[in-house]
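Remarks on the overall topology
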Amino acid sequence: MADNALTVPLRSPLSQVTHRLAAATRTSGGAVRLAELPFLTQVDVRLDAKGAAFEAVGLALDLQLPIQPNTVVRTGELTALWLGPDEWLLIGPPGGEGELESRIREAAGDEPVSVTDVSAQRTTLLVTGPRARDLLAHGCPLDLHPRSFGSGRCAQTTLGRTQVVLVARDEPRAGFWVLVRSSFAGYLADWLLDAATEYV
């Protein structure tokens, strides 16, 4: 029997504004760079940081989950964000959510753990360049000075009145990840594009 199912290509929440983000990057003369990083694997993990599963999951991932509030740990292509005393968001390359979930569940064994694929819930905006911090400061209530929010930090906050998870990347000149719910991504992209006109 022939397979008559239609295959619909994936479309990112910001596919309609990709060209506008690229144009803003060009017209800023390198002051800011805006781009979407679509379809990243995002897995929410909840477990007891003092329980046996904590260390077992860290070993299975080859990544120690951060225990300091609002910090980020990265190993290879996997990044772990501290979201709460018993909650982390794991971010990896597109398409890895199933394998990541399996590794966590297998490592936790019978210990209580919650593992939820939230990859489709949010998209990620990359904001880099020498003026990236200034651009974000226009609409974020956090003190984004490197002394307060330097490399390896993350926070659940607002940007342009939109709830986001903001991550200060740890690579040199890597800028920021802005994780935003897909339903608000268009609004936030418009806000960033408007704010970036200052650097044109």
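Before going into details, it helps to say that this report is about the structure given with it.

Criteria and cut-off values
- Residues numbered from 1 in each chain as written.
- Predicted model: local features only at pLDDT ≥ 70, side-chain atom pairs only at ≥ 80, totals over all residues.
- Heavy atoms only, no water.
- 1 Å grid on protein atoms, 1.4 Å probe; cavity = no way out; pocket = protein on both sides within 12 Å on 5 of 7 lines; lining within 4 Å.
- Points joined across faces, edges and corners; volume = space filled by probe spheres on them.
- Helix = DSSP H or I, 4+ residues; strand = E, 2+ residues; numbered from the N terminus.
- Nonpolar A, V, L, I, M, F, W, Y, C, P; charged D, E, K, R; others polar.
- Expected span 1.5 Å × (residues − 1).
- Contact = heavy atoms within 4.5 Å.
- Salt bridge = Lys/Arg side-chain N within 4 Å of Asp/Glu carboxyl O.
- Buried < 20%, exposed > 50% of the residue type's maximum accessible area, 1.4 Å probe, protein only.
- Core = buried A, V, L, I, M, F, W, Y, C linked by side-chain atoms within 4.5 Å.
- Pairing = 2+ DSSP bridges.

Counted according to the given criterion, the structure contains one cavity of 30 Å³ or more. Contributing to the lining of the largest cavity are Val72, Arg74, Thr79, Val167, Ala168, Arg169, Asp170 and Trp177. Elements represented by at least two residues in the lining of the largest cavity include exactly strand 3 (72-75) and strand 9 (162-168). Of the residues contributing to the lining of the largest cavity, the split by class is four nonpolar, one polar and three charged.

For the rest of this paragraph, the subject is helix 3 (residues 97-108). For helix 3, built from 12 residues, the straight-helix expectation of 16 Å at 1.5 Å per residue is met to within 8% by its first-to-last C-alpha distance of 17 Å. Elements in contact with the buried residues of helix 3: strand 2 (41-46), helix 2 (52-61), strand 4 (78-84), strand 5 (87-92) and strand 6 (114-117). Where helix 3 ends, the next residue or the one after it, Gly109, has phi of about 60 degrees, a positive value.

Considering all chains together, one arrives at seven salt bridges under this definition. The partner of Arg74 in a salt bridge is Asp170, and the shortest N-O contact between them spans 3.2 Å. Here Asp170 lies in the loop between strand 9 and strand 10 (176-181) and Arg74 lies in strand 3, a separation of 96 residues in the sequence. With a relative accessible area of 35%, Arg74 lands in the partly exposed category. Residue Asp170 is classed as partly exposed on the basis of its relative accessible area, which comes to 39%. Residues participating in the shared-partner salt-bridge network are Arg46, Asp86 and Glu87.

Looking now at the nonpolar core. If you look at the biggest cluster of nonpolar residues, it comprises 32 residues, and the most contacted ones within it are Leu34, Leu135, Leu136, Leu159, Val178, Leu188 and Leu192. Counting residues per element, the ones that place at least two in this core are helix 1 (18-27), strand 7 (122-128), helix 4 (132-137), strand 8 (153-159), strand 9, strand 10 and helix 5 (182-196). Ranked by residues supplied to this core, first place goes to helix 5 with eight residues. Formed by 18 residues, the second largest nonpolar core is a distinct cluster that contains Val57, Leu61, Leu78 and Leu90.

Further remarks concern the environment of Thr116. Secondary-structure assignment places Thr116 in strand 6. Accessibility expressed as a relative area gives 36% for Thr116, which makes it partly exposed. Between the C-alpha atom of Thr116 and that of Glu97, which follows or precedes it by 19 residues, the distance is 9.2 Å.

Burial analysis of strand 4 places seven of its seven residues in the buried class, the great majority of the element. For strand 3 and strand 4, the ladder comprises four bridges, and the chain directions are antiparallel. Paired with Val72 across the strands is Leu81, a residue of strand 4. Where strand 3 hands over to strand 4, the hairpin turn is made up of two residues, of which Gly76 adopts a positive phi near 60 degrees. Hairpin geometry of strand 4 and strand 5 is characterised by an intervening segment of two residues between the two adjacent antiparallel strands.

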